[in-house]
Amino acid sequence: MIFVYANINRGFAQLGLDQIGEIPKDKVVWLDVEKPTEDEINWLKSAVNFEIPPREVFGDIEISSKYKEEGDFVYMNLSFVIQQKEDILVEPVIFFIRGRYFVSLRYRDIPTLMIFQKRAITQDMSFQFPEAIFAQIVNIEVDRIGDRLEILGRRIRNLRKEVFAEQSEEIIRDISYYDELNITLRETINEKLRILSHFIKSPKVNAQTKRDMKIVLDDLYTLLDYTTLYMDRIDSIQSSLLGLISIRQNEAVKVFTVLATIFLPATLIASIFGMNFKHIPELEWKYGYPYSLFLMVSVTLALLYWVRRKGWL
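Calculation rules
- Residues numbered from 1 in each chain as written.
- Predicted model: local features only at pLDDT ≥ 70, side-chain atom pairs only at ≥ 80, totals over all residues.
- Heavy atoms only, no water.
- Helix = DSSP H or I, 4+ residues; strand = E, 2+ residues; numbered from the N terminus.
- Buried < 20%, exposed > 50% of the residue type's maximum accessible area, 1.4 Å probe, protein only.
- Contact = heavy atoms within 4.5 Å.
- Core = buried A, V, L, I, M, F, W, Y, C linked by side-chain atoms within 4.5 Å.
- Salt bridge = Lys/Arg side-chain N within 4 Å of Asp/Glu carboxyl O.
- Expected span 1.5 Å × (residues − 1).
- Arc of directions from axis to C-beta.
- Pairing = 2+ DSSP bridges.
- Patch = residues over 30% accessible without salt bridge, like charges linked within 9 Å, V, L, I, M, F, W, Y side chains within 5 Å.
- Areas by Shrake-Rupley, 256 points an atom, 1.4 Å probe, with all protein chains shown as cover.
- Lys, Arg positive; Asp, Glu negative; His and termini not counted.
- Charge placed at Lys NZ, Arg CZ, Asp CG, Glu CD.
- Axes fitted to C-alpha atoms, helices over the stretch in contact; angles between N-to-C directions.
- Phe/Tyr/Trp six-rings, centres within 6.5 Å; stacked < 30°, edge-to-face > 60°.
- Lys NZ or Arg CZ within 6 Å of the ring centre and 35° of its normal.

**Student:** Before we go on, may I ask you to explain the overall build of the protein chain in this structure?
**Tutor:** Counting its secondary structure elements, the protein chain contains 7 helices and 7 strands. Listing each helix as α and each strand as β along the protein chain from the N terminus yields β-β-β-α-α-β-β-β-β-α-α-α-α-α. Burial statistics for the protein chain: of 313 residues in total, 40% are counted as buried. A separation of at least 24 residues holds for 67% of the contacts in the protein chain among residues at least 6 apart in sequence.

Next up, the structure:
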């Protein structure tokens, strides 16, 4: 499906695909493409000379697969982080700029694009250059990353307190989730830094957009520092959790060891008197049974008293 947006009159409006011919030549056109059909792919190729790359190259990390500038077009492949309950998804979106056309290609709903589309229409935004649309989208995504990191920082601080209160399986899952989210955000920030660094050097980008992108780059470097900080904090929480678990395990082992030591003499006495040799002097003793019980209880109580005085139990 292809959604068409353009600056008509004073604001930004959504149009039908059949209305493109009515848009003045000096107006910027945004073509938002979602799950294109074969006919739509052919139309894009003929209308704006945009050839959709194979889906398998979307996840490549080489800069040659992320940014390309040839002739009169600029091609970029950016990743967007999407949180769904316990899942963290990284969805690639391709951006293509040629002449007055700005094309975004995606295969699922991207919250950042939806926010931009709603904001552009409701606030009557106007764009003189297609790269200005890209700058706005990137700026919204950077703000969203900043919001996620702010929430992540609060949750990490709360998690540190919870770790000392209890060491449950749920807390371990939370640590793993926050660690994965932080790493994912860090990877997408690094990716954007690489792509935007090439983008602002392009002679095809106007001076105002370059200035806007430099501010975005500064924000990304700041956010990158936060991901490093949170990575260290999560490692610290994991170390604290492992330490607390080890202490509790050692306490349990200590208790069982002391208990086994206390009852060891009684077991030894019972083993001696329980032997079945034919010639045992105590075998015919009238008071042998109560004596052995008394001896076992006395030795156990004496050891228990000694262990408690030492503070081992």
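**Student:** I'm lost on the nonpolar core in this one. Help?
**Tutor:** With 60 residues, the main nonpolar core has M76, F95, I133, F134 and F199 as its most contacted residues. For this core, the elements supplying multiple residues, two or more each, are β1 (2-8), β5 (73-84), β6 (87-98), α3 (111-122), α4 (130-165), α5 (169-199) and α6 (207-273). By residue number, the principal contributor to this core is α4, which donates 14 residues. Aside from chain neighbours lying at most four places away, what touches F199 is Y67, V74, M76, I97, E131, F134, V205, T209 and M213.

**Student:** Before we go on, may I ask you to explain the pattern of salt bridges in this structure?
**Tutor:** Opposite charge on two side chains makes pairing possible when the charged atoms of those side chains draw close. In this structure the tally under the stated criterion is 6 salt bridges. For E191, the salt bridge is made with K66, and the minimal N-O distance between the two is 2.7 Å. Taken as a pair, E191 in helix α5 and K66 in helix α2 (residues 63-66) lie far apart in primary sequence, 125 residues in all. With a shortest N-O distance of 3.6 Å, D109 and R106 are connected by a salt bridge. Residue classification places D109 among the partly exposed positions, given a relative accessible area of 46%. Salt bridges linked by common partners bring D32, E34, R106 and D109 together as one network.

**Student:** For this particular structure, what's the right way to read α3?
**Tutor:** One turn of an α-helix holds 3.6 residues; hence residues three or four places apart share an orientation. The end-to-end C-alpha distance of α3 is 16 Å, a good match for the 16 Å that 12 residues give at a rise of 1.5 Å each. Of all the positions in α3, only T112, L113, F116 and A120 are classed as buried. The arc that holds every buried residue of α3, seen down its axis, measures 95°, which confines them to one face. Away from its buried face, by an angle of more than 90 degrees, α3 presents the exposed residues K118 and T122. Backbone geometry just after α3 places D124 at a positive phi near 50°.

**Student:** Teacher, can you tell me more about the pairing of β5 here?
**Tutor:** Successive residues of a regular strand alternate their side chains across the two faces of the sheet. The element β5 is extensively covered by neighbouring structure, given that 10 of its 12 residues are classed as buried. For strand β4 (residues 67-70) and β5, the ladder comprises 4 bridges, and the chain directions are antiparallel. Bridging across to β5, Y67 finds its partner in M76. Adjacent in sequence and paired antiparallel, β4 and β5 are bridged by 2 residues, among which G71 carries a positive phi angle near 55°.

**Student:** Hey, could you run me through a negative patch on the surface in this one?
**Tutor:** The grouping of D143, D147, D218 and D219 at the surface amounts to a negative patch. At the level of secondary structure, the elements contributing two or more residues to the negative patch comprise α4 and α6. Tracing the chain through its elements places D147 in helix α4. On the basis of relative accessibility, which here comes to 45%, the residue D147 falls in the partly exposed class.

**Student:** Looking at this structure, how should I read the side chain of T227?
**Tutor:** For T227, the location among the structural elements is in helix α6. The buried category is assigned to T227, whose relative accessible area is 0%.

**Student:** Sorry, what's going on with the sheet that holds strand β7 (residues 101-106) here?
**Tutor:** Two strands in a sheet stick together by hydrogen bonds in their backbones, pointing the same way (parallel) or opposite ways (antiparallel). Taking strand neighbours across the sheet as the criterion, the 7 strands line up as β2-β1-β3-β7-β6-β5-β4 in an open arrangement whose pairing is mixed. Where the open sheet ends on each side, the last strands, each with one partner, are β2 (11-15) and β4. On average, each strand axis in the sheet is tilted by 20° relative to the strand beside it, whichever way the strands run. As paired elements, strand β3 (residues 29-34) and β7 share 6 bridges and run parallel to each other. Bridge pairing links L31 to V103 in β7.

**Student:** So what exactly am I meant to see when it comes to the packing of aromatic side chains here?
**Tutor:** Between two aromatic rings, the relevant description is the distance of the centres plus the angle of the planes. For the structure on display, the rule yields 12 aromatic pairs. Judged by centre distance (6.5 Å) and plane angle (45°), the ring pair of W30 and F102 falls under tilted. Of this pair, W30 sits in strand β3 while F102 sits in strand β7, placing them 72 residues apart in sequence. F102 matches W30 in its accessibility class, with the two residues each being buried. Taken together, a centroid distance of 6.5 Å and an interplanar angle of 50° make the contact between F102 and F134 tilted. One end of the pair, F102, is in strand β7; the other, F134, is in helix α4, and 32 residues separate them in sequence. A residue is classified by how much of its surface remains accessible, and F134, at 0% relative accessible area, is buried. Through successive ring pairs, a cluster of aromatic residues spans Y5, W30, F80, F95, F102, F116, F127, F134 and F199. The lysine or arginine in question, K68, covers the ring of Y75, its NZ or CZ lying 5.8 Å from the ring centre.

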